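# Remarks on the overall topology
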Amino acid sequence: MTEADYHRVATTTDLHDGDVIEVQVGKTLLAIYKIDGGFYATEGVCTHAYARMAEGYVEGDVIECPYHGGAFDIRSGKAVAAPCTQDLKTFPVRIDGDAVLVGIAS
Ligand code: FES
């Protein structure tokens, strides 16, 4: 992952703790989260069916899918509740000043 792979997706003040927003970088749909003061990024679509994770519910460090009650650990992307069994892909996040940057290998 090089410097050029990091894309600005938000400003740090765009999110409060417990928020999730959707952003698109090229063809990649992402969900960006703020929990416990930290920023995290996962793929934006549930691995079970086509639900958008930014329409889900943040509960502590877990995102619950809006469709069938599946859930994922926001930090690791790990599936933690049925019917989800496949983990969400995660992406590295960096903060540069007030910019939230997500690394997506091109
Ligand atoms: Fe997410 Fe079914 S689409 S749990």
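Residues numbered from 1 in each chain as written. Predicted model: local features only at pLDDT ≥ 70, side-chain atom pairs only at ≥ 80, totals over all residues. Heavy atoms only, no water.

## Considering the nonpolar core
If you look at the biggest cluster of nonpolar residues, it comprises 15 residues, and the most contacted ones within it are Y33, C46, M53, V58, I63 and F72. Here the element with the most residues in this core is strand β3 (residues 28-35); it accounts for three residues. Apart from the residues lying within four places of it in its own chain, the contact partners of M53 are V20, A31, Y33, E43, G44, V45, C46, I63, C65, F72 and L88. (Core = buried A, V, L, I, M, F, W, Y, C linked by side-chain atoms within 4.5 Å. Buried < 20%, exposed > 50% of the residue type's maximum accessible area, 1.4 Å probe, protein only. Helix = DSSP H or I, 4+ residues; strand = E, 2+ residues; numbered from the N terminus. Contact = heavy atoms within 4.5 Å.)

## Considerations on the packing of aromatic side chains
Across all of its chains, the model carries zero aromatic pairs by this definition. One residue, R94, lies across the ring of Y6, its end atom 4.4 Å from the ring centre. (Phe/Tyr/Trp six-rings, centres within 6.5 Å; stacked < 30°, edge-to-face > 60°. Lys NZ or Arg CZ within 6 Å of the ring centre and 35° of its normal.)

## Some words on the sheet that holds strand β4 (residues 38-43)
If you trace the four strands from one edge of the open sheet to the other, you get β2-β3-β4-β9, paired in antiparallel fashion. The sheet is open, and its two edges are formed by β2 (19-25) and β9 (90-91), each paired on a single side. By the bridge criterion, six bridges tie β3 to β4 in an arrangement that is antiparallel. Each residue of the ladder has a partner; that of I32, found in β4, is A41. (Pairing = 2+ DSSP bridges.)

## What to know about the sheet that holds strand β11 (residues 99-103)
Strand order across the open sheet formed by three strands is β1-β11-β10, with antiparallel pairing between neighbours. Looking at strand neighbours, the two that pair on one side only are β1 (6-11) and β10 (93-96), the edges of this open sheet. The average angle at which neighbouring strand axes cross in this sheet is 35°, direction not considered. Relative to β11, β10 is paired through four bridges, and the arrangement is antiparallel. Within β11, the residue paired with I95 across the bridge is V100. (Axes fitted to C-alpha atoms, helices over the stretch in contact; angles between N-to-C directions.)

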